[in-house]
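Survey of secondary and tertiary structure
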Amino acid sequence: MADTRKIPIHLGYTEKLRFRLAPINKDIMAANADYLTEAELCLDGRAAEALILPFIQQHLKKPFQDHDEINLMSFASAKRLCRDLKTTVTMLKEHFDDPNLNDLKNQVTLDMIVREDDLVEFEDASPAEIRAFIKANFSIVTDFYTRTIREIVTLINRYEAQGYRHFAISYNN
């Protein structure tokens, strides 16, 4: 049977993960200081694009720009984002079959939750078998949300007192 994996997130800069949130202050915004790469939250790009970005877009003042363009989200909006993500986690855990969650659930692909080496095991699987496997392993997705929420809240708690008020969000797909 295929081995599942955690959807990668990493605190601190890494080239491998291309969806990034970095706390910024006025000096960084004015280009008088560099990003705090150790404070950058990096997420798996495919998973973040499918599972986090739709929520982020609801909290941005302008449409999301990708390809390393910087998108600003206030810490206040990020707190609301985390509340929305927590609500989604609860819904997925307690009301998985709610039709309102179908669009989100349909965004989850096998390669998000199965190690690359094990994808070959699904070459002959029917779409119904793949959906059943994803459903049986959906805790990987709720874990991804939970870890992302925890890291965002940690960054806000650590940097808000130091005058940081926004996240710079970028995605280089």
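Up top is the structure these notes are about.
Residues numbered from 1 in each chain as written. Predicted model: local features only at pLDDT ≥ 70, side-chain atom pairs only at ≥ 80, totals over all residues. Heavy atoms only, no water.

1. Things to note about a nonpolar patch on the surface
Under the convention used in this document: Residues with no salt bridge and a relative accessible area higher than 30% make up the patches, which join like charges within 9 Å and nonpolar side chains (Val, Leu, Ile, Met, Phe, Trp, Tyr) within 5 Å. Using the Shrake-Rupley algorithm and a 1.4 Å probe, accessible areas are obtained, with residue cover drawn only from the displayed protein chains. Here, a salt bridge means any side-chain nitrogen of Lys or Arg that lies within 4 Å of a carboxyl oxygen of Asp or Glu. The way it works is that DSSP assigns letters per residue, a run of H or I at least four long becomes a helix, a run of E at least two long becomes a strand, and they are numbered from the N terminus.
Nonpolar side chains collect at one region of the surface, where Met29, Tyr35, Ile70 and Leu72 lie side by side and expose about 350 Å² of accessible area between them. Relative to the elements of secondary structure, Tyr35 occurs in the loop between α1 (26-29) and β3 (41-43).

2. A look at the sheet that holds strand β4 (residues 71-74)
Cut-off, in case you're wondering: We call two strands paired when DSSP finds no fewer than two bridges between them. Note on geometry: axes are lines fitted to C-alpha atoms, helical ones only across the stretch in contact, with angles between N-to-C directions running from 0 to 180 degrees. Contacts between residues were defined by any pair of non-hydrogen atoms, one from each residue, lying within 4.5 Å.
The five strands are arranged β1-β3-β2-β5-β4 in an open sheet whose pairing can be described as antiparallel. Edge positions in the open sheet fall to β1 (9-11) and β4, since each of these has one partner strand only. Between one strand axis and the next, the sheet turns by 20° as a mean value, whatever way the strands run. As defined by bridge partners, β1 adjoins β3 across three bridges and the pair is classed as antiparallel. Its bridge partner lying in β3, Ile9 is registered against Leu43. Packing against the sheet, helix α3 (residues 75-94) makes contact with β2 (19-24), β4 and β5 (166-171), and its axis sits at approximately 80° to β4. Helix α7 (residues 139-159) rests against β1, β2, β3 and β5 of the sheet, and its axis sits at about 15° to β1.

3. A few points about the pattern of salt bridges
Which entries qualify depends on this criterion: A 1.4 Å probe rolled over the protein chains alone gives each residue an accessible area, and that area as a share of the maximum for its type sets the label: buried under 20%, exposed over 50%, partly exposed in between.
What the rule picks out here adds up to seven salt bridges. Salt-bridge contacts for Glu160 lead to Lys79; the nearest nitrogen and oxygen are separated by 3.4 Å. Here the residue Glu160 occupies a position in the loop between α7 and β5, and Lys79 occupies one in helix α3, the gap between them amounting to 81 residues. Classification of Glu160 as partly exposed rests on a relative accessible area of 26%.

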